[in-house]
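Understanding the architecture of this molecule
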Amino acid sequence: MRVVFLGPPGAGKGTQARRLADRYGIPQVATGDMLREAMASGSELGQRARAYVELGELVPDDVMLAVVEDRLRRPDAERGFVLDGFPRTLAQAEGLDDLLRRLGRRLDAVVLFQVPEETVVRRLAGRWTCPACGRVFHESYSPPRTPGVCDADGSPLVQREDDRPETVRRRLAVYAEQTAPVVEYYRARGLLHSVDGSQDPDAVAEAVEAVLRHLVEVR
Ligand code: ADP
Ligand code: ADP
């Protein structure tokens, strides 16, 4: 299964991508997580990305396309993947098509998580992330069993610098300007499936499952 998850920051892409990846045994390819790991390790990619990520701007397309190509060429992505946070621009969407063509593969579906802006703002303000495994929690909506500690590996949870209100505003504007056209790109190709992302996480997962089940049935 090869799927793209689209939607504004805070829409629940990471939460649902994790579930889908666990369920189907495919990798969650989360470009934001990959950039944060690179920044933490101080690699060349991390050093290049930092200024963009901190301001809520997008890292240049050529950098992101190289990162994703590397990742999708790894053997564990042969059976499929869920792309979470990529593509975010038309150039990235076109570059992904080109890459998949070269690999002899195709996307099965693009799932768009629709969530009102006031909801994503509340979600991002209460988001806590595990820096070790990338799992996300919310202080009220999906709290960890022990406050401040990751359920999966016991690491101390952190709040992302770019979840501060002023950076969130910029990220939402960047989404509207640069990522919204990607929605139309996939709609025009008949790949887009919208899901109501404002429901509770189990209901959203069920809606995603319904989309993907249908795809498997019609094949
Ligand atoms: P969110 O959880 O809000 O959707 P991500 O963790 O996916 O955010 O991304 C965090 C930041 O990493 C973005 O604001 C951007 O600076 C950078 N980033 C992640 N993915 C991409 C991408 N595909 N293209 C450019 N920049 C990206
Ligand atoms: P994205 O990857 O799209 O930025 P996340 O999956 O990181 O979104 O979710 C953002 C925040 O909202 C996290 O704190 C997460 O725990 C919480 N969250 C995710 N899905 C839901 C949901 N369906 N209802 C309530 N809170 C949610």
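Nothing here was measured: the structure is a model prediction, and the numbers come from that model.

With that settled, consider empty space enclosed by the protein. Gaps left between atoms are located by rolling a probe of water-molecule size over the structure's atoms. Within this structure, the stated rule accounts for 2 cavities of 30 Å³ or more. Considering only enclosed or pocket space, the largest cavity measures out at about 50 Å³ in volume. Together, Phe-5, Leu-6, Gly-7, Lys-13, Gly-85, Pro-87, Arg-88, Tyr-175 and Thr-179 line the largest cavity. Secondary-structure elements contributing two or more residues to the lining of the largest cavity are β1 (2–6) and α7 (165–188). Residues of the lining of the largest cavity, tallied by class, amount to 4 nonpolar, 3 polar and 2 charged.

All of the buried residues in helix α3 (residues 44–55) are Gly-46, Ala-49 and Val-53. Relative to the axis of α3, the buried residues are bounded by an arc of 75° and lie together on one face. Along α3, exposed side chains directed more than 90 degrees from the buried face belong to Glu-44, Gln-47 and Leu-55. Of the residues flanking the end of α3, it is Gly-56, one or two places downstream, whose phi is positive at about 80°.

Further remarks concern the site of ligand 2. Taken together, the neighbourhood of ligand 2 is formed by 19 residues, with Gly-10, Lys-13, Thr-15, Arg-127 and Phe-137 sitting nearest. Note that an oxygen atom of ligand 2 is positioned 2.7 Å from one of the backbone N or O atoms of Phe-137. Within the complex, the protein chains bury 93% of what would otherwise be the 560 Å² of accessible surface of ligand 2. Those elements that place two or more of their residues in the shell around ligand 2 are α1 (13–24), β6 (136–138) and α8 (201–218). In the shell around ligand 2, the residues fall into 8 nonpolar, 7 polar and 4 charged.

What counts and what doesn't
- Residues numbered from 1 in each chain as written.
- Chains lettered and ligands numbered in written order.
- Predicted model: local features only at pLDDT ≥ 70, side-chain atom pairs only at ≥ 80, totals over all residues.
- Heavy atoms only, no water.
- 1 Å grid on protein atoms, 1.4 Å probe; cavity = no way out; pocket = protein on both sides within 12 Å on 5 of 7 lines; lining within 4 Å.
- Points joined across faces, edges and corners; volume = space filled by probe spheres on them.
- Helix = DSSP H or I, 4+ residues; strand = E, 2+ residues; numbered from the N terminus.
- Nonpolar A, V, L, I, M, F, W, Y, C, P; charged D, E, K, R; others polar.
- Buried < 20%, exposed > 50% of the residue type's maximum accessible area, 1.4 Å probe, protein only.
- Arc of directions from axis to C-beta.
- Near = heavy atom within 4 Å.
- Polar contact = N/O pair within 3.5 Å; in protein donor to acceptor, adjacent residues only side chain to side chain.
- Areas by Shrake-Rupley, 256 points an atom, 1.4 Å probe, with all protein chains shown as cover.

Purely spatial values, then, with no claim about function.
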